[in-house]
Amino acid sequence: MELQLKGITKQFPGVLANDDVTLTARSGKVLALIGENGAGKSTLMNVLSGLYHPDAGEIIIDGQVQKFDDPGDAIKAGIGMVHQHFMLVPVFSVWENVVLGIEPTRAGGVLSRKEARREVKEISERFGLAVDPDVLVEDIPVGIQQRVEIIKVLLRGAKILVFDEPTAVLTPQEVEEFFGIVAELKGRGATIIFITHKLKEALAIADDITVLRGGKVVGHADPATATPEDLAAMMVGRDIELVVEKSEAEPGAGVLELADVTMLDDYGRALLKDISFSVRAGEIVGVAGIQGNGQTELVEAITGLLPISRGRITFEGKDITRYSPRDRHTAGIAHVPEDRNHMGMIGSFSVAENLVLDSYYAQPFSRGIRLQGDVIRDSAEALVEQFDVRPPIISNTGGALSGGNAQKMIVAREFSRDVPLVVCAQPTRGIDVGSIEYIHEQIVKKRDEGKAILIVSTELDEIFALSDRILVMYDGRIVAELKASEATPTEVGLYMAGRAA
Amino acid sequence: MSLTSPDGKTTIEPDDSGWATFFRRLTTATDWKTGLVIPALAVLTALIIGAIIIMLTGSSLQETLQAYWALLEGSVGSLRAISATLTEATPLILTGLSVAIAFRAGLFNIGGEGQLLIGGMTAVLVGFSFTGLPWFIHLPMAVAAGFLGGAVWGFVPGFLKAKTGAHEVIVTIMMNYIAIYLTGYLLKTALFQREGRNDPISKNVEESAQLPKLLGWFDSAMRVHLGLIIALIAVVLVWWLLFRTTTGFEFRAVGANSHAARYAGMSVTKVYILVMVIAGGLAGLAGGGQVLGVLDRASPGFSAGLGFDGISVALLGRSNPFGVVAAALLFGGLTAGGQNMQATANVGIDLVSVIQALIIIFVAAPALIGAIYRVKTDASSTQISQGWSS
Ligand SMILES: Nc1ncnc2c1ncn2[C@@H]1O[C@H](COP(=O)(O)OP(=O)(O)OP(=O)(O)O)[C@@H](O)[C@H]1O
Ligand SMILES: [Mg+2]
């Protein structure tokens, strides 16, 4: 089906999120939608899927003007949205999740299991998705959960599929498989819209690329000829350095030291196994690894959110193994958490409140128990400006920020603290190239000020762009420690896959 | 499930139950549409349905209008009516605040009834036990005792929730039963029971511990008492605590997203305990106000459902301290006016309960109001996903 958006305009209080957007997506083709954080990509897709009502403009499918009152109408018209934040019930099986809301029933309203399972299986096989209908969703990895979402929209008859940053949380292997699925869907004539911040991905699988900036379409690119640099320049409106320049590190004294850190879960399985390493002042240590190999636990062990079972954590010579998260914060550890929506911010709090989420208790933000509203607001105004959080309205709620801008807000909060150690988990997930450049510059600047930096990232590009030293995690262990200047991505990749010993 | 943090303290798994989400949605709806329009339409709709019910029971339209007129007159039609409304509203402000502050921290305090009873009992105990004290010592002592009694009753569920994860709804309900029977028992002990009486009724509160009538000098039938001022001070204090202090920041953070609160180094345990102590104290204060300001003694059932009505008041007031005052005045007015309606227009006061219940149904299910009046409620926009920005 051919999809046309004509003159779509959507105004939020104070922000024109979509401004006269016109674009076409064709049957059997992949349209990549790229643009800065807050450019209006998600808003446009929420209009398309009937969640938002546009202030002006038309949605045209195969020449027919559509009117969507709610998401149900959009689904009926053949639009399927694969949300980044999966909407699955963990304790339900795959097929139960898929048929939820459209359960096939026998006479008398009895759920027809057989029918439902058969339909799920058939779709899974037809598109080569290889999903077992009977396993519980909580038992399958993210990549497969995404396929369940895909089956869900296909079963509802979607011919136009929208993926909003589908690869942000996938492992490289899963990304490959995802591309295979997209090719398959494409081959069957589906119309695909793909939102991403990873320019290489856009170039790899798209047939057309449309660039949004400030709510407007600012250009189209042909993936056959465009380069990542071209796209970055179109997105941001200036030339971007995709890799920050940095000098050789000059490491000083050890700041953070882990000795034989082991963490067991409730069932006695080891999540972290005998981890020992140190981070010194003035160096960036990058922890590489495929999602789910213990990185999350490592970060939470260091920041005090999870207790360790054995071993010792030393910070600036003090044993902090038994310190609470607050004590570690006070001692001087900053933390950019991996999961920004569930941990890093509170959606219903204002931007100003989010910017003091973990430092509200200290001078100058409070005196005794009295919050110092003026100080908090002034500091927020300055940070929002400095870190280019857009829109720079500190009384807006954090939840109204676009994904990348929310991340910038969190980075602003943690980086504005003058502390010896910064732990950053996935610091640039979901962030546009322009802001990645800025955040990377900030990280390097912190290092040059003599701070110790620990970066955890599943993006090899990011690890190589930043690290002075690389640690590779696999199955809860550090399996390799490499000097960044001597390591190669292939070598690190092998360690990440657990293949080199 | 419980989690242990590295300092060895047990914290409990953040609560993401349906309740938690439900109240989060109610309390975080701060825009004027959901904050004002929905409650106003809910009240209007409830009144219309109330009228239909009166007519269904065989009254004519004229009689129905007369009944509503009596309701209005009895609540705001005269200075006496206003005094009655304020008197009824006073305990509701406090129990409403009690529920509201707990909502803000993500807890559902169903225990207002029990906390109010215990607070009333401790207040009455101090109120009759001391003789010969000047009022400026005795009265504050009795009021403080009311707060403390309720606070102890709130502490128990807060503590159990924080240390064991026991759900506060269950525990507070149980605490209500304990309070009811404990009150009944205590009122028959020598300590409380009035001499020469066989029925469970307490000794009278000394004059020096009675909350003075604000308008008594003007008209002795006007019962509005100093408790109203105390309640209003509590409103301002709770507002200040919630929105101007680090403690309130923690309450709201834990209520909105306990994962983020833990990340930010807040002690979820401490918040649960502290907020339940304060919530219990506020309900206890309501009980103190009743025995020291209205009843001058305690008898079984003096709580009269005020603790439960606090839930309705907090819901209608969107867990905002000032919203609570507005909601309490409305409910107080309905009760005061209902008595007048019963006396003069031959429509039972039960109708008032029906109207109150309808209001709550409509407030709790904004989509209903949305459908009737075609206003958009925030329920329709909760499911928006924005990729990583979701
Ligand atoms: N519900 C909302 N209320 C107010 N403003 C909003 C809302 N949703 C989005 N916005 C604003 O609209 C603009 C576009 O946001 P949108 O989420 O569409 O950006 P995006 O292109 O998806 O960005 P990202 O790459 O960071 O996800 C932003 O300025 C954002 O702050
Ligand atoms: Mg987005």
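Calculation notes
- Residues numbered from 1 in each chain as written.
- Chains lettered and ligands numbered in written order.
- Predicted model: local features only at pLDDT ≥ 70, side-chain atom pairs only at ≥ 80, totals over all residues.
- Heavy atoms only, no water.
- Near = heavy atom within 4 Å.
- Polar contact = N/O pair within 3.5 Å; in protein donor to acceptor, adjacent residues only side chain to side chain.
- Areas by Shrake-Rupley, 256 points an atom, 1.4 Å probe, with all protein chains shown as cover.
- Helix = DSSP H or I, 4+ residues; strand = E, 2+ residues; numbered from the N terminus.
- Nonpolar A, V, L, I, M, F, W, Y, C, P; charged D, E, K, R; others polar.
- Contact = heavy atoms within 4.5 Å.
- Buried area = accessible area lost by both parts, 1.4 Å probe.
- Salt bridge = Lys/Arg side-chain N within 4 Å of Asp/Glu carboxyl O.
- Patch = residues over 30% accessible without salt bridge, like charges linked within 9 Å, V, L, I, M, F, W, Y side chains within 5 Å.
- Phe/Tyr/Trp six-rings, centres within 6.5 Å; stacked < 30°, edge-to-face > 60°.
- Lys NZ or Arg CZ within 6 Å of the ring centre and 35° of its normal.
- Pairing = 2+ DSSP bridges.
- Axes fitted to C-alpha atoms, helices over the stretch in contact; angles between N-to-C directions.
- Core = buried A, V, L, I, M, F, W, Y, C linked by side-chain atoms within 4.5 Å.
- Buried < 20%, exposed > 50% of the residue type's maximum accessible area, 1.4 Å probe, protein only.
- Right-handed = clockwise from strand over helix to strand, strands pointing away.
- pLDDT = per-residue confidence, 0-100.
- Parallel < 35°, antiparallel > 145°, perpendicular 65-115°, else oblique.
- Left-handed = near helix turned anticlockwise from the far one by under 90°.

**Student:** Hey, could you run me through the site of ligand 1 in this one?
**Tutor:** Residue and element names in this part refer to chain A. Around ligand 1, the structure places 22 residues, and the nearest of them are Gly38, Ser42, Thr43, His197 and Ser402. Within the side chain of Ser402, an N or O atom sits 2.8 Å from an oxygen atom of ligand 1. A distance of 3.3 Å separates an oxygen atom of ligand 1 from a polar backbone atom of Gly403. A total of 640 Å² of accessible area belongs to ligand 1 in isolation, and the protein chains cover 90% of it. Secondary-structure elements contributing two or more residues to the shell around ligand 1 are β2 (15-25), α1 (41-48) and α14 (403-415). Top element by residues in the shell around ligand 1 is α1. It accounts for 3 residues. Tallied by class, the residues present in the shell around ligand 1 amount to 8 nonpolar, 11 polar and 3 charged.

**Student:** What am I meant to see in the interface of chain A and chain B here?
**Tutor:** The parts lose accessible area when they come together, and the size of an interface is often stated as this lost area. Taken together, the contact pairs 53 residues of chain A with 34 residues of chain B. Of the roughly 3700 Å² buried between chain A and chain B, counting both surfaces, carbon and sulfur atoms make up 60%. Together, Tyr360, Ile369 and Leu371 of chain A form the three largest contributors to the area buried by chain A at its contact with chain B, with a combined 15%. Our enumeration of links across chain A and chain B arrives at 1 salt bridge. Measuring nitrogen to oxygen at the nearest pair gives 2.9 Å for the salt bridge that ties Glu353 of chain A to Arg252 of chain B. Our count for the chain A to chain B interface comes out at 14 residue pairs in polar contact (both at pLDDT 80 or more). Looking at the side of chain A that touches chain B, the elements that each hand over two or more residues are α1, α10 (325-331), α11 (340-344), β20 (370-371) and α14 of chain A.

**Student:** Is there a simple way to think about the pattern of salt bridges in this case?
**Tutor:** Once the charged atoms of two side chains with opposite charge are near each other, the side chains can pair. All names here are of chain A. Counted under the stated rule, the structure contains 36 salt bridges over all chains. Asp19 is the salt-bridge partner of Lys216, the closest N and O atoms lying 2.9 Å from each other. Residue Lys216 is found in strand β12 (residues 216-221), and its partner Asp19 is found in strand β2; the two are separated by 197 residues along the sequence. A single salt-bridge network, built from bridges that share partners, covers Glu115, Arg118, Glu122 and Arg126.

**Student:** Hey, could you run me through a nonpolar patch on the surface in this one?
**Tutor:** Residue and element names in this part refer to chain B. Together, Trp69, Leu72, Val76, Leu79, Ile82, Trp217 and Phe218 make up an exposed nonpolar region whose accessible area comes to about 810 Å². Among the elements of the structure, α3 (61-76) and α4 (79-104) are those that each provide at least two residues to the nonpolar patch. Sort the elements by how many residues they give to the nonpolar patch and α3 lands first, with 3 residues. Note on placement: Ile82 falls in helix α4.

**Student:** What exactly am I supposed to notice about the packing of aromatic side chains here?
**Tutor:** Ring pairs (aromatic) are described by centroid distance and by the angle formed between their planes. Inspection of the entire model under this criterion finds 15 aromatic pairs over all chains. Consider the rings of Phe128 of chain B and Phe192 of chain B, whose centres lie 5.8 Å apart with planes at 85°: the pair is edge-to-face. Separated by 64 residues along the polypeptide, Phe128 of chain B in helix α5 (residues 112-129) and Phe192 of chain B in the loop between α7 (168-186) and α8 (227-244) bring together distant segments of the chain. Each member of the aromatic cluster is reached from another via a ring pair, and the members are Phe163, Phe178, Phe179 and Phe194 of chain A. The aromatic ring of Phe349 of chain A is capped on one face by Arg252 of chain B, whose charged end is 5.0 Å from the ring centroid.

**Student:** Is there a simple way to explain the sheet that holds strand β13 (residues 254-264) of chain A in this structure?
**Tutor:** Residues and elements named next belong to chain A. Here we have 4 strands laid out as an open sheet, ordered β14-β13-β16-β17, and antiparallel in their pairing. Of all strands in the sheet, those bounded by a partner on one side alone are β14 (270-280) and β17 (318-319). Two strands pair when backbone bridges link them, and strand β16 (residues 310-315) and β17 are joined in this way by 2 bridges, in the antiparallel orientation. Of the residues in β17, the one forming a bridge with Phe315 is Lys318. Each of β13, β14 and β16 is contacted by helix α9 (residues 295-303), which is oriented at about 60° to β14, the strand it contacts most.

**Student:** How should I be thinking about the nonpolar core in this particular structure?
**Tutor:** Side chains of a nonpolar character, in soluble globular proteins, are inclined to be buried together. Ile101, Phe251 and Ile359 of chain B are the most contacted members of the largest nonpolar core, which has 146 residues in total. Sorting elements by how many residues they give to this core places helix α11 (residues 268-295) of chain B first, with 13 residues. In this structure, Phe251 of chain B is in contact with Ile101, Arg104, Ala105, Leu241, Leu242, Val271, Leu274, Val275 and Ile278 of chain B, ignoring residues within four places of it in sequence. In terms of nonpolar packing, the next biggest core, distinct from the first, is built from 52 residues, Val98, Ile123, Ala190 and Val236 of chain A among them.

**Student:** Help me out: how do you make sense of the sheet that holds strand β24 (residues 477-483) of chain A in this one?
**Tutor:** Picture the strands of a sheet paired through backbone hydrogen bonds; they go either parallel or antiparallel. Residue and element names in this part refer to chain A. Read from one edge to the other, the open sheet built from 6 strands follows the order β18-β21-β22-β15-β23-β24, with strand pairing classed as mixed. In this open sheet, the two strands that pair with only one neighbour each are β18 (333-336) and β24. Taken pair by pair, the neighbouring strands of this sheet meet at an average axis angle of 15°, ignoring direction. In terms of strand pairing, strand β15 (residues 284-288) meets strand β23 (residues 469-474) through 4 bridges, oriented parallel. Of the residues in β23, the one forming a bridge with Ala288 is Val472.

**Student:** What am I meant to see in the pairing of strand β9 (residues 160-164) of chain A here?
**Tutor:** On a regular strand, each side chain points to the face opposite its neighbour's, so the side chains alternate between the two faces of the sheet. All names here are of chain A. Most of β9 sits inside the fold, with 5 of its 5 residues counted as buried. Burial of β9 is two-sided: the residues Ile160, Val162 and Asp164 facing one way and the residues Leu161 and Phe163 facing the other way are all buried. Sheet topology places strand β6 (residues 79-82) next to β9; 4 bridges connect them, and they run parallel. Along β9, the bridge assignment pairs Ile79 with Ile160. As defined by bridge partners, β9 adjoins strand β10 (residues 191-195) across 5 bridges and the pair is classed as parallel. Its bridge partner being in β10, Phe163 is matched across the sheet by Phe194. Taken together, β9, helix α6 (residues 172-187) and β10 form a β-α-β motif whose crossover is right-handed.

**Student:** Help me understand the confidence of the model for chain B in this model?
**Tutor:** Should the pLDDT be low somewhere, the predicted coordinates at that spot are not to be read in detail. Residues and elements named next belong to chain B. With 87% of its residues at a pLDDT of 70 or more, chain B has an overall mean of 87. Long-range and interchain partners of residues 10-16, a stretch whose pLDDT sits below 50, account for 33 contacts in this model, where long-range means more than four residues apart. Under a pLDDT of 50 for its full length, residues 378-390 has, in the predicted model, 40 contacts with residues more than four places off or in other chains. Interface scoring of the predicted complex returns ipTM 0.85; its pTM is 0.86.

**Student:** How should the side chain of His335 of chain A be read in this particular structure?
**Tutor:** Within the secondary structure, His335 of chain A is located in strand β18. For His335 of chain A, the contacting residues outside a window of four places in its chain are Val299, Thr303, Leu305, Glu414 and Val423 of chain A together with Tyr263 of chain B.

**Student:** What should I look at first to understand unusual backbone geometry in this one?
**Tutor:** The bulk of non-glycine residues show a negative phi, and the bulk of peptide bonds are trans. Residues and elements named next belong to chain A. Residues Gln363 and Pro364 are joined by a peptide bond in cis, for which omega reads -5°. Of note, the amide linkage connecting Arg390 to Pro391 takes the cis form, showing an omega dihedral of -5°. Not every positive phi belongs to a glycine, and Ala130 is a case in point at roughly 50°. The class for Ala130 is exposed, based on a relative accessible area of 63%.

**Student:** Mind showing me how you'd approach the packing of helix α12 (residues 306-316) of chain B against helix α14 (residues 350-364) of chain B here?
**Tutor:** Relative orientation and spacing of two packed helices are given, respectively, by the angle between their axes and the distance between those axes. Residues and elements named next belong to chain B. Following both chains from N to C, one finds α12 and α14 inclined at 45°, their axes separated by 10 Å at the closest point. Classified by the interaxial angle, the pair formed by α12 and α14 is oblique. α14 is crossed by α12, and the crossing has left-handed handedness. Taken together, the residues of α14 that come into contact with α12 (itself represented by Ser312, Leu315 and Leu316) are Ile359, Ile360 and Val363.

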